[in-house]
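Residue-level structure breakdown
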Amino acid sequence: MSRRTLLAAGAAAAALPLAARAQEGQVRIGAILSASGGLAAFVPPIRAGIMLALEEINAAGGVLNGQRLTLIEADDQTNPQVGVSVATRLVQADNVPIIIGPMASGILIATANAVTIPAGVPIISPSATAPAISALSDNDTVFRTAVPDGLQGAVLGRITRERGIERAAVMAINNDYGRGLAAAFQAAFERHGGSVTATQNFEENRPSYRAELQTLAGRGNPQALVLVAYPGSGGNTILRNAVENAFFSRFVLTDGMRDQAVVQAVGAQPLAGTFGTAPGTAAAPERRAAYEAAFRRANPAMDPAGAFVAQAYDAAYVAALAIQKAGRADRAAIRAALREVANPPGEMVGPGEWAKARGLIAQGAGVNYEGASGPVDFNEAGDAQGRIEVWEIRDGRIATVENVSA
């Protein structure tokens, strides 16, 4: 079914209560993705991960009494104001009981405070990582399968120092994600004996960043540029400016820049040896293999190990499990069920094991989902605990080096 068909169906059913819609044979899940704007390059595989989970679940009998899961999508354009607008539509007009997303931390914070927290709608983000999210007064409605940036910053600071870099300049996008991760990196880097020579927060979509880069390069003799950004401005402009003007020759990147499009924009040779971090996997090998095999069958041209793809699959799976456990498409009941299906105790279920999970829930037994990205154990703040991937650019390709903890 096409997105247009789904949206048309959503408009026609908007006035019906959730219980009536369940009788129609479908349960609708919302998704706020950044299909345009600075994060657009990440969306196709992330959406594919969500759809893979829903398609597997529907093929194995669906939720509740055989209802199909249907995804109602919205594009926040990587813009907080748009995010609030589309979240309002999903919550009020489409009346969805749970939302996957938003992707960006600042958009999540804006939409949660303005829309989903007051409405009591649980949300699960696969990619919003800012530490500030953990401190939201959210009435236990905000969850994420992505590992918070406090852990990523700690790992990045340590491995940067271990790779012989003593002095680094930091350039970060001026939002919750950029500021939070830059601060976490600096604290860890300095704790391990490194020195941040200068920092610069930047606004997106400027035609040039030469002045900022020149200033950063001229202070304290930095050996590398640590860049916290998204592919649009980060790869197409900042890294190209840095390389073309010889401001920096060594780069350290974060999850927002883990995109092959960055290498294509800047070139393999200037970025050879560049390394970075991203949320990794702590999944058992057999569970990870099952997920990757299913993803490749459904999406042969996409990478199942791409940034936040496994986390998106897991967010959809946990949402479905919570609906099943709740026994109805009710926001409060789903919210209350999320930890019951994601955390121990309970029998472990993993990717592709929907029939097993559904049977256990029907018997009144507990389930503990261990996903494609690893155990999805939500703490009191709704954060999943996980590991961090260290990656490098080798021969023009992004390669995972290891998965580590702080």
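This text goes with the structure placed above it.
Below you will find a few notes about this structure. (Residues numbered from 1 in each chain as written. Predicted model: local features only at pLDDT ≥ 70, side-chain atom pairs only at ≥ 80, totals over all residues. Heavy atoms only, no water.)

1. Quick word on the sheet that holds strand β13 (residues 374-375)
Strand order in this open sheet of 3 strands is β11-β12-β13, and the pairing throughout is mixed. Among the strands making up the open sheet, the edge pair consists of β11 (347-349) and β13. The sheet contacts of helix α14 (residues 354-362) involve β11 and β12 (367-371), and relative to β11 the element is tilted by about 150°. (Pairing = 2+ DSSP bridges. Helix = DSSP H or I, 4+ residues; strand = E, 2+ residues; numbered from the N terminus. Contact = heavy atoms within 4.5 Å. Axes fitted to C-alpha atoms, helices over the stretch in contact; angles between N-to-C directions.)

2. A look at the layout of surface pockets
Of the pockets and cavities examined, the largest pocket occupies roughly 390 Å³. Every residue lining the largest pocket is counted, 15 residues in all, and those nearest its centre are Arg 258, Asp 259, Gln 260, Asp 303 and Gly 306. Elements with a contribution of two residues or more to the lining of the largest pocket: α10 (260-266) and β15 (397-404). Among the residues forming the lining of the largest pocket, the class breakdown is 9 nonpolar, 2 polar and 4 charged. Taken as a whole, the second largest pocket encloses approximately 300 Å³ of empty space. If you go around the second largest pocket, you meet 18 residues; those closest to its centre are Thr 78, Pro 80, Ile 173, Asn 175 and Glu 204. (1 Å grid on protein atoms, 1.4 Å probe; cavity = no way out; pocket = protein on both sides within 12 Å on 5 of 7 lines; lining within 4 Å. Points joined across faces, edges and corners; volume = space filled by probe spheres on them. Nonpolar A, V, L, I, M, F, W, Y, C, P; charged D, E, K, R; others polar.)

3. Notes on the environment of Ile 323
Looking at the element boundaries, Ile 323 is found in helix α12 (residues 309-326). A relative accessible area of 0% means that Ile 323 is categorised as buried. Here the alpha-carbon distance between Ile 323 and Ala 333, two residues 10 residues apart in the chain, equals 7.9 Å. Once residues within four sequence positions are removed from consideration, Ile 323 is found in contact with Val 27, Ile 29, Val 63, Leu 64, Leu 69, Ile 98, Arg 328 and Ile 334. (Buried < 20%, exposed > 50% of the residue type's maximum accessible area, 1.4 Å probe, protein only.)

4. Quick word on α14
The set of residues buried in α14 consists of Trp 354, Ala 357, Leu 360 and Ile 361. Taken down its axis, α14 places every buried residue within 130° of arc, on the same side. With respect to the buried face of α14, the exposed residues turned more than 90 degrees away are Ala 355 and Ala 362. For α14, the elements touching its buried residues are α3 (43-59), α12, β11 and β12. One or two steps after α14, the chain reaches Gly 364, where phi turns positive at roughly 85°. (Arc of directions from axis to C-beta.)

5. Considering the side chain of Asp 255
Within the element layout of this structure, Asp 255 appears in the loop between β9 (251-253) and α10. The side chain of Asp 255 is buried and forms no salt bridge, while Arg 144, the nearest opposite charge, is found at 9.4 Å. Leave out the neighbours within four places in its chain, and Asp 255 touches Phe 42, Thr 129, Gln 152, Tyr 177, Leu 181, Thr 277, Ala 278, Pro 279, Ala 307 and Phe 308. (Lys, Arg positive; Asp, Glu negative; His and termini not counted. Salt bridge = Lys/Arg side-chain N within 4 Å of Asp/Glu carboxyl O.)

6. So, empty space enclosed by the protein
Under the criterion given, the structure shown has 3 cavities of 30 Å³ or more. A volume near 120 Å³ is recorded for the largest cavity. Looking at the lining of the largest cavity, its residues break down into 8 nonpolar, 4 polar and 1 charged. Within this model, the second largest cavity holds a volume of roughly 80 Å³.

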